[in-house]
Structures are given as C-alpha cells and as structure tokens.
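Topology and contacts: notes
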Amino acid sequence: MEYSVAFQCSMLLRSCVLGVMLGAAYDIFRLFRGTDRGLAALVLDTLYGLIFCASVFVFVVCILQTEFRLWQLAGAAIGMGVWFALAGGWFRRALRAAAKGIRLLLAVPVRIARRVLRTLRRIFRIPARIYGKKQKNLLKGTFHFSSNRLK
C-alpha cells in the first residue's frame, strides 16, 4: 500500500510522540525500581517491555491504521532519545521530589500507627506472661494424661 510523503511524515511525528510517552513511562518505572537489581527490577522491566510492545501494536493498528513498518519503531526510539535528552532529568527530579513529599506526609500517620501497634502488643503480652506458665502446665498435663490413658 502506497502512502504519500506527508502522511508518512505525520506517522513518523506521531511515532516520536509515542516514544516520548514511552520514555516518561520508563522513568516512572525507574522510580519504582530504584536501585534494586533483584527480582523487583526483573518484574518491572518485564512489565515495561510488555507495555512497550502492546502500546506499539495498538499505536500501529488502531491509531495509524496501517501495517507495521520498521521506521515507526525508529521514530519511537528517536522520541525516547529526545525525552531522555531534554525532559527526562527534570521529570525524574520532579518525581523524586513528589515521592519525598508523599513520604514526609505519610511519616506522621505511620509513626502513630507504629506506636499504637507497639502499645497493643504490650497490652496483649501481659496475659500471656501471667497465664502462659499455667496454660503450659495445663496443656502438658492434659496431653501427658491422654498418652498414659491410651496404653
């Protein structure tokens, strides 16, 4: 199927925009992954790869309504390169600042919840200390009695 040069240029431009969006998505996944190199990084990278493949497929089939051409993927790579060169650093800094702000906002409720749980744990340990030996002796006697009775 033949396409005009203007249509192909618009498809390339759209592919570059797709690459910019995929670059932003990669930065978001990078924030969640952090410096972890274990299983979490593997899962997040695999998930990003699946999202990348699905978005390119949907982009080509639904938005462009054409068959796949290699230069569309090259356009997405160019868009990702533009993202990382121009806006990626700023976006990562903004995401880290937002994550730090959320962490600071959640610090007080988490601290309160930890204190409440610590207090509840202390309250529930008191009966265990008092009745623990009695209960242990009672269970020991019960099971000991049962084993003697079976003989």
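Residues numbered from 1 in each chain as written. Predicted model: local features only at pLDDT ≥ 70, side-chain atom pairs only at ≥ 80, totals over all residues. Heavy atoms only, no water.

Points about the environment of Gln8
Just so we agree on the cut-off: Put simply, DSSP marks the helices as runs of H or I at least four residues long and the strands as runs of E at least two long, and each gets a number from the N terminus on. Burial classes follow relative accessibility: with a 1.4 Å probe on protein chains only, a residue under 20% of its type's maximum area counts as buried, one over 50% as exposed, and anything between as partly exposed.
Turning to its location among the elements, Gln8 is positioned in helix 1 (residues 5–33). Among the residues examined, Gln8 registers a relative accessible area of 32% and is labelled partly exposed. Expressed as a C-alpha distance, the spacing of Gln8 and Gln72, which sit 64 residues apart in the sequence, is 9.3 Å.

Observations regarding a nonpolar patch on the surface
The condition is simple: Residues enter patches when they are more than 30% accessible in relative terms and free of salt bridges; like-charged ones are connected within 9 Å and nonpolar ones (Val, Leu, Ile, Met, Phe, Trp, Tyr) within 5 Å. Surface accessibility in these figures is a Shrake-Rupley result with a 1.4 Å probe; residues are shielded only by whichever protein chains are displayed. What makes a salt bridge here is a side-chain nitrogen of Lys or Arg within 4 Å of a carboxyl oxygen of Asp or Glu, nothing more.
On the surface, Val108, Ile112, Val116, Leu117, Leu120, Ile123 and Phe124 cluster together to form a nonpolar patch covering roughly 680 Å² of accessible area. Mapped onto the elements of the fold, Leu117 is located in helix 3 (residues 70–150).

Considerations on the confidence of the model for the chain
As a reminder of what qualifies: The predictor reports its confidence for every residue as pLDDT, a score running from 0 up to 100.
Chain-level statistics for the chain give a pLDDT mean of 80 and a share of 81% at 70 or above. Within the chain, the element-level pLDDT minimum falls on helix 3, averaging 77, and the maximum on helix 1, averaging 85.

Here we look at a positive patch on the surface
Worth spelling out the cut-off: Positive: Lys, Arg. Negative: Asp, Glu. His and the chain ends are not part of the count. Charge coordinates come from a single atom per side chain, which is NZ of Lys, CZ of Arg, CG of Asp or CD of Glu.
A contiguous patch of positive charge, built from Arg111, Arg114, Arg115, Arg118, Arg121, Arg122 and Arg125, is present on the exposed surface. Mapped onto the elements of the fold, Arg122 is located in helix 3.

So, the pattern of salt bridges
Scanning all chains against the criterion turns up two salt bridges. Of the charged contacts in the structure, one is a salt bridge between Asp27 and Arg30, with a shortest N-O distance of 3.9 Å. Placement of the pair is Asp27 and Arg30 together in helix 1, with a separation of three residues, close to one helical turn. Taking the relative accessible area as the measure of exposure, Asp27 reaches 1% and is therefore buried.

Quick word on the nonpolar core
Rule in force here: Residues grouped as a nonpolar core are buried Ala, Val, Leu, Ile, Met, Phe, Trp, Tyr and Cys residues, joined through side-chain atoms within 4.5 Å.
Counting twelve residues, the largest nonpolar core is built from Tyr3, Met11, Leu18, Leu22, Phe29, Leu44, Tyr48, Val56, Phe59, Val60, Leu64 and Met80. Breaking this core down by element, the ones donating at least two residues are helix 1 and helix 2 (39–64).

Points about helix 1
Rules: Given the number of residues in a helix, its expected span is that number minus one, multiplied by 1.5 Å.
In this model, helix 1 (29 residues) spans 41 Å end to end at C-alpha, consistent with the 42 Å of a helix rising 1.5 Å per residue. Within helix 1, the full set of buried residues consists of Met11, Ser15, Cys16, Leu18, Gly19, Leu22, Gly23, Ala24, Asp27, Phe29 and Arg33.

Topic: the environment of Ala76
Relative to the helices and strands, Ala76 is located in helix 3. When its relative accessible area of 0% is taken as the criterion, Ala76 is described as buried. Considering only alpha carbons, one finds Ala76 and Met21, 55 residues apart in sequence, at a separation of 9.1 Å.

Description of the side chain of Ser55
Convention followed: Two residues form a contact once any of their heavy atoms are found within 4.5 Å.
Position of Ser55 relative to the elements: it lies in helix 2. Since its relative accessible area comes to 19%, Ser55 is described here as buried. Excluding its chain neighbours within four sequence positions, the residues that come into contact with Ser55 are Leu18 and Leu22.

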